[in-house]
Every structure is written in C-alpha cells, then in structure tokens.
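# A structural walkthrough
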Amino acid sequence: MFSLLRRLRRDERGQALVIGAVAMLVLAVTVMASVSIGHGVHQKIKLQDAADAQAYSLAVKEARAYNFLAYTNRAMVVHYSAMLTFMSYVSHALYLDMTIGKIAGVAKYIPGIGAIFAAVQKVIKAWKQAVDGIARLLIPILSALNVALWLAQEAMMLGTLKDLLLAGGESTLMGTDPKARPGPSMSNGSALGAIMGKYNVNHSNLKNFLHVIDDGPRGSDKSFSLADPTGLAKRARLMNQNDNKLSDPDMAKYRLLMGNLANGVRRQWTAEGKEALLIGRKWSLHICVPPVIQFRIDKVADSQIKSFSEEFEDNRRDQLYASDDIKIEWRMPCPFIGGPNKGWEEILKVNFRAAADKQGGYHQTYDTTKRDDHHGWEGITPFLMTDTSFVDPWHNHFSAACNVTLLSKDMMSKPQPFHLDGMRTGEGFLKSAGTRRFDNEGESIVGGLLDITWNLTGGAEGERVAEFREETGGMMSMAVGRAIYHRPGDWKEEPNFFNPLWTARLAPIKTHWEQQALSTFIDGWDVAEHGFSNALNY
C-alpha cells in the first residue's frame, strides 16, 4: 500500500494534461479575443465606409445642383442676349426703313437707276417685316424658356434638399453597410438623438447647402424654414407685377444684377454697333461746306436691359431696349479755314427705337412718338447665384458647401460571435470576499475582469457613457463631404453659378469642423462630443 502511494506520488504522467487544459483555455480566450477584435474592426471599417460613401454621395448631389444652376444661368443669360440682339435688329431695320428706305422711295423715280433704288426699298421693307415678325415670336418664346429654366432650378433645389433630408434611407448607405443607421440607432428621444434625428440631418446640411446661395431675398439669410426652405415663394414675387418694385431692395437686387449680367455678355454690334458708313449701327460723317460751315452727322446705337421704377410710364418696369439714333450738328468755321471755332450746335436729332416690356412694348420713331405696341416681354426671370462674401466666411467654408454624416450601428442588442460575455460577474460575485468593487452597481460589472462584449463601450461608468451606449448601440462613424468650386490650375477664381466647375470631395473632420463651428452649427453637439471623448479615452 505504501509502495503504491510512493509510486503514485513520484509518477509525473498526466501533468501535461493540466498544463494543456490551462494553455488551451488561454489560447481559446486569445483566439476568441482576436476574432472579436477583428470582427469589431471589420464592422467599424464597414460603418466608416458607409459614412464616407454617403457623405461623398451627398457632396456629389450638392455639386450636381450647383453645376445645374450654372448651366441654366448661362442659358438664361444667352437668351437675354439673343432677345437684345433681335431688338437691335428691329431698331436698326426701323432706322434703315426711315432713312435709306425713304431716300430710295424718292430716288426710284430717277430714270435709268430708279429700278435699283426700288429694289433697295423693297429689300429694306422685307427685312424690317421679317425681323419684326421674328422678334414678336421669338421674344415671348425665350421669355417662357427662361421661366421654365427658373422652375427647373427650383425643382433641382428642392430635390437636392429632399436628398439631404432623407439621406438615411438611400441605397448608397444600405448598399455599403445594411446595419448602419443615420444618427443614433437605438432611439431618438434623448439629447444625443437630437443631433441627427430620424434622418441624417438636423437642418444643418440643408442650411449649409443653402448658405452659398445669394438670390436677392435670401442673400445672407441664415434662417431656415420648412415652409419655404429655398426661398421659392420670395423669388416668385419677381413674376408678380404688383410686388416687383425697384424700391424693394430684394427686387432691385434681382432686376439690376441679372440685367447687368445680361448686358455684360452682349456682342459689340448689339451693345453699341460697329463702324459701317450709312448702313451700320455706328458711324460718323464730317462735311465742310464752303466757305466756312462744317456739318457733323453722328449715328449711335445702344441695346440693353433697363429697369425702371414702378412709376415709369404706367408701370413698365423692365425693358428690352434698343436704339439707333442720328444727330446732325454744325459749327463754324471748318478746321482748315482758320479762326476760332464755335461749339457744335444741334440741327436735328432723330430717334429710331424699339423696346419690349410687360406693357406691350413699342416702336419709337420721331422724338417721343410711339406706335406698334406688340413686343411683349415678361421681364427679368428669377435666378440663383452665389454669395462669396457671406458673413463669417471661415466658418461657412468660403462658399464650399459641406454635409455631415453621422452613422451608428447596434452592436449590443443581439449576441455577437466570440464576444465572451460570460466573463462578466453575476450578482453577488466577490461579495463573499467582503468586497464591493463594482464599477457599475446595476450591472454588477467588476473592473479588471475580461469582458470583450460591447457592453463597456465608452467606459464602465458614468451616466453619459450609458446614454451613449444606449443611443448608438456601441459604434459610431462620422464623415464630411464637401462640394468645392475649382478651375483646374487656378484656385483663385471665386465660386460662382456660371461655370460648371463644382466637384465633390471628402473633407477632413479635424481641420474643417472646428469645435466652435460644430457646437454652433449642430444642435446637441456638446452632448455628442462628450460621448465621443469618453469613447476615445477608454
């Protein structure tokens, strides 16, 4: 018996089994921890990819909207220029008919060459009727097209705002990470839930998209209302003759600015004419009649969009105006005769003018005589432009619209693989040892024991930390998309809605969204920042 006990005491067989069991337990825990960490990293990468994809997608939509405004604004200005050009043809044809045409009407009775002048007179009259008829037809069509382009701009603006507002359910997000949710994923009732709400926005993305726009009524307007988010109702006032007053600063900004832009792209022939003796829109002729009298005949032209106050000529407001005027002056003596020259004295001035406006337009022939009220025009159409001098440009990104995407993922409500939640203590554990080292008394979590579930995300204690876990489900990601204006090779050009050079990029959060800007711009940011800082510190 004693020999058997001595043999068993000295026998070393089976020790490897104990060591192996302990080693396998440590190895299993290590493998499970590695897999758990890898699973968490993978889920985090997917969530961050979803946030980046959505932020970039929204930036693309913002850039697309701005480029659409650029294309339509260019088209509208081109239409204004075309209307001015046709009004120039009308006034010039009127000038030809009333001068060269009249002369040809007399000269056609001269034997031998009368047929030539008769043909000239017919050609001038046919040209006058043609351009007049085309102008009557074309100006209303181009005016209606501008209204249609404005409505298309409004539709694009509202559609983009809808995309920004309802971004949480779009395919870009769901296709990248189906488990991702905009803002807090668990509930929306707490302070943290107010950051983004049910969708991925708390008006911040919308206001950031709109602050770039300077359209008269909404210029430098930081307010936002779901009743009229883009200012459509205010812009529509421009189409109302009773509201369209030059004394109103908003309406004056529309009418004068857009009119000047259209005037700025006129061709030289349209704006002031080109030198062509007798038949051109601009020429000058000096004649010295012996012995001492000098005559000067000046032909000048002008075509532009004019804006008048509401009291002008029975409320005519905006006009497509074109003129071809002749002025005859004389003085004594001729320059080569010698002696002091007298100043020029006007002998005759004849105005050949045409205008189109909402009151029917007119042809003007001699002085103030008006006739042929048939050139109707609806006036300046609403438009949208950029405001590069927006208040506080640094915090408003120098007219580069940005959007913030904040996503969360529920990592706690369902059991996750290899998370070893059994390593948490049960009620009363270590109480028998006389200790109560509980970091969270309610959940009986003991600091220092292994727990690789998501139940300690953000830290083991603290009311805000618990709120953070409850709201987010344990995981959050953030991304910023930016719509920028950039002409390749030239960063100095100011953003505008006339060149379609808007592109989309992801923006660094740290350098772009400063703490003060975030705290001011996003409601509830302070609560989120506290939660983020806790999550980063643990």
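Located above this text is the structure these notes cover.
Cut-offs and rules
- Residues numbered from 1 in each chain as written.
- Predicted model: local features only at pLDDT ≥ 70, side-chain atom pairs only at ≥ 80, totals over all residues.
- Heavy atoms only, no water.
- Helix = DSSP H or I, 4+ residues; strand = E, 2+ residues; numbered from the N terminus.
- Contact = heavy atoms within 4.5 Å.
- Salt bridge = Lys/Arg side-chain N within 4 Å of Asp/Glu carboxyl O.
- Buried < 20%, exposed > 50% of the residue type's maximum accessible area, 1.4 Å probe, protein only.
- Core = buried A, V, L, I, M, F, W, Y, C linked by side-chain atoms within 4.5 Å.
- Pairing = 2+ DSSP bridges.
- Axes fitted to C-alpha atoms, helices over the stretch in contact; angles between N-to-C directions.

### Focus: the side chain of Ser88
- With respect to the helices and strands, the residue Ser88 is situated in helix H2 (residues 15-98).
- Every residue in contact with Ser88, bar those within four places of it in the chain, is listed here: Trp269, Thr270, Arg281, Ser303, Ala322 and Asp324.

### So, the pattern of salt bridges
- Considering all chains together, one arrives at 17 salt bridges under this definition.
- Two residues, Asp318 and Arg255, come together in a salt bridge whose shortest N-O distance is 2.8 Å. Of this pair, Asp318 sits in strand E4 (residues 318-331) while Arg255 sits in helix H8 (residues 249-264), and the two are 63 residues apart along the sequence. The exposure classification of Asp318 matches that of Arg255, with both residues buried.
- Among the salt bridges present, the one from Glu329 reaches Arg296, with a minimum N-O distance of 2.4 Å. A residue pair is termed long-range when its members are at least 10 positions apart, and Glu329 in strand E4 and Arg296 in strand E3 (residues 293-307) qualify at 33 residues.

### Some details on the nonpolar core
- Grouped together as the largest cluster of nonpolar side chains are 26 residues, with contacts concentrated most on Tyr80, Ile139, Ile305, Leu320 and Trp377.
- Those elements giving two or more residues to this core turn out to be H2, helix H4 (114-165), H8, E4 and strand E5 (345-357).
- For this core, the leading source of residues is H2, giving seven residues.
- The residues touching Ile139, leaving out its near neighbours within four places in the chain, are Met83, Met87, Ile134, Leu320, Ala356, Gly376 and Trp377.
- The next biggest cluster of nonpolar side chains, apart from the first, holds 21 residues, and it includes Met157, Leu206, Tyr485 and Leu501.

### Looking at the sheet that holds E4
- Strand order in the open sheet made by the six strands is E2-E3-E4-E5-E6-E7, with antiparallel pairing throughout. The two strands at the open ends of the sheet, each matched to only one other strand, are strand E2 (283-289) and strand E7 (370-371).
- Sheet analysis places E2 next to E3, joined by seven bridges and oriented antiparallel. Within E3, the residue paired with Ser284 across the bridge is Asp298.
- Packing of H8 onto the sheet brings it into contact with E3 and E4, and relative to E3 it is tilted by some 125 degrees.

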